Every structure is written in C-alpha cells, then in structure tokens.
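Next come the chains, spelled out residue by residue.
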Amino acid sequence: MDDWYSLLQVNPGADPEVIATAHRWLSERYSPENDPSEEAAEKLRQVNAAFAVVGDADRRAAYDAERAPAVPATMDPVPPAEIEAPLEPAGEPQPAKKSGRAASVMLGVVAGVSLVVAMAVAITAAFTDDDGTEYSPNLGDDEYALDQMALQEEDMPPGIEFGGSGEQTAEEWALRFDVNDEDELAAKVDQMEAQGWIKNVTAEGGRPSIAALLGVMSVSTLYSNETTAKESTDKFACGLPIELSEPLVEFDVPDLGDQSVGFHHRREVLNENGDVVVVLMETAICFRTGRIVHVAQETALEGAQNIETSIETAYKLLDRVNAAYENGPEPKDG
C-alpha cells in the first residue's frame, strides 16, 4: 500500500488544513513551470494521487482503517517548561522572569516579541530533504550561507512591510531575553555560548498600524554541532527568547528538514502601569537542518492566528534554506 502521508510529507494525524497547505506547496514545487523534468512530473502525479485520498474525508477514513494505527489528530497543550538556575551546570537555561516594562504595538512590534515552546519531537534524523538537498552538519562555520537563510521582502504577506535582515551578535540576541542589567546580559551570553550558540541571522517585517496580522520574523541559528542543535530544539526552545507565563499549544506541521514542530504562544503586552494593552498570539514553526535551527513566526492579534498561512511562511523559509545549502556562501572579495 502506498504511504500517501509520506508522499505529502505530513504526519498521519495532520489536520485537513495542514494537508491542504502541504499539497499546494508540493504541487507548485513540482509544477511544469517550476520543474519541467520527468522526475518532477512523476512526483506531481504521486502528490496529487495522495491528496485525492487523504484530502477527502471519507476516502481518508477508509485508508486509515486499512493501514497501521494513525497518530492522534489532536495534541494536548504543552505545559510551561520548568527552567532551572543559569550556568549550573553549564548549558542549563536561566529562569524566565515576568517583565513589567512598557511595550507598544507598531511596526517594530515583532522585534520585541519572542516565541516558542519547550519541545521534544524528533521527526527524523535524515540529512537530506525530500528534494535531495543535503544538510551536512560537518561544514565549517563560514561555509554555511547563513545570510541567505532568511525571509526576504517578496516573502512577506500582504500589508507587512519588510524591515530587513542581518546577522545578530551574541549581545544583540541576548538583549531580546528578559535581562535587566549588564551582569545578566553577560550571563546570558555565556549561557548561549555554553549551549553551542555560534551566530544567527534574522529577518523581520511588521505592519505600521493595528491589524489582524502584525508581523513576521525568521531566525536561523548556527550551533557548534548537530548535538547542540538538537538540544536547542528539544530542551532550550530553539534558542529563542520567551516567557513561559502562559501555556504553549503544539500543533502538527509537515515534515520540514531533519526535525520540525509548530506551536502557539499567547502573550500579553503591558503598559508602564502593568495593564494589558493587547493580547498577541505568536504562531511559530521550528525546523532543524543539520546543525542549524530555523524558526518562522507570525504574530497576530489573539483569535486571528492562521496555521495555514504560518505553514506557507515556513515553506518559504525552507525554500530559502534549501537554496542556501545548494548555492553555498558567496565568494569574498580578495
């Protein structure tokens, strides 16, 4: 029996909107306009055949009854992770603290909004994507085209103004955590380095006025080796700054790279008096390629989050990542 879920690169318990989004993306990838090869034509035929089965509720139910027991279609909320004391032992995360500092929702809202979940789902240990892209963890630090692994202006949803992309220093990234003074900043940098953090590149876009979707951000972080990258994904919330004051809800996503997970994070934005100004919902999809961990995040007003558009943004990020692996870094002058 053909494994229709595998052909669509989704889990057997995937929600219908996840399956539909995966089918749209794969259909575009293997369309004659993008790839006129015979191999792509055959892949497109298989993808369409798979969607004809699992994209139809009745046919999917009959197919599931014939195959091995499927993964449950729903997942329980992931409770807030317990964070232990910093740097003892090295590599353990610092305690998360509730910030009372003022925040505003404007074009730059995404830059100050952090995300993520303590997750532990390793979907696969493969080193290649389904299209043949190799995710080698053994290249030198400068051999990864990290600057190319970022969303660009044309990847932004309608109405989102692109704010640019660039590499973050350890200090710049540490400032996104809830640090209050120079000592805490230095401790956070030491902690990041103990966890294998080498460098990252971010891209951000926001909306200049209040609307349902407020902003988009991508982050690609290089770690010292594949083990530390896995640990970041499994134990340290993909190395991203978050507060764990609210539950985080995990949802199913297509198989991206070597390991992938999706989650919602509810965040209250406070004013100087500690009053709630607005409630945001951060929808993030994290995936790992070798020793690099990537995140695509969309920030929306609570109730306006959309898993389908978030998955489409993650696919755009995956395309950037795959192209960067295939093309390699640009030669340096001299």
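Along each chain, residues carry numbers from 1 onward, in the same order as the chain's sequence is written. Local features are withheld for residues below a pLDDT of 70 in this predicted model, meaning they are given only at 70 or higher, and side-chain atom pairs are given and counted only at 80 or more; totals for whole chains, interfaces and linings count all residues. Computation of side-chain values covers all heavy atoms of the structure but excludes hydrogens and water.

Looking now at the nonpolar core. Nonpolar core, defined: a set of buried Ala, Val, Leu, Ile, Met, Phe, Trp, Tyr and Cys residues in which side-chain atoms within 4.5 Å join the residues together. Classification of residues uses two cut-offs on accessible area relative to the type maximum, computed with a 1.4 Å probe and protein chains only: under 20% is buried, over 50% is exposed, and between them is partly exposed. Of all hydrophobic cores here, the largest spans 50 residues; its most connected members are L8, V10 and V54. Within the residue set of this core, elements represented by two or more residues are α1 (4-8), α2 (16-29), α3 (38-54), β2 (197-206), β3 (213-223), β6 (276-289), β7 (292-301) and α9 (307-327). Between two residues, a contact is recorded if the distance between any of their heavy atoms is within 4.5 Å. Sequence-distant contacts of V54, defined by excluding residues within four places in its chain, comprise W4, Y5, L8, I19, R60 and Y63. In this structure, A170, W173, V189 and V219 belong to the second largest nonpolar core, which totals 21 residues. Strands here mean DSSP runs of E at least two residues long; helices mean DSSP runs of H or I at least four residues long; both are numbered from the N terminus.

Any cysteine sulfur atom paired with another within 2.5 Å is treated as part of a disulfide. In total, this model carries one disulfide according to the counting rule given. A sulfur-sulfur distance of 2.3 Å marks the disulfide that ties C238 to C286. Looking down the S-S bond of the C238 and C286 bridge, the torsion is -100°, so its handedness is left-handed. Of this pair, C238 sits in the loop between α8 (226-234) and β4 (248-251) while C286 sits in strand β6, and the two are 48 residues apart along the sequence. A relative accessible area of 1% means that C286 is categorised as buried.

In this section: the pairing of β2. A large share of β2 lies buried, amounting to nine of its 10 residues. Strand pairing is defined by DSSP finding a minimum of two bridges between the two strands. Bridge count between strand β1 (residues 161-168) and β2: seven bridges; the pairing is antiparallel. The residue of β2 that forms the bridge with E167 is V201. The pairing of β2 with β3 spans nine bridges and is classified as antiparallel. Along β3, the bridge assignment pairs K199 with L222.

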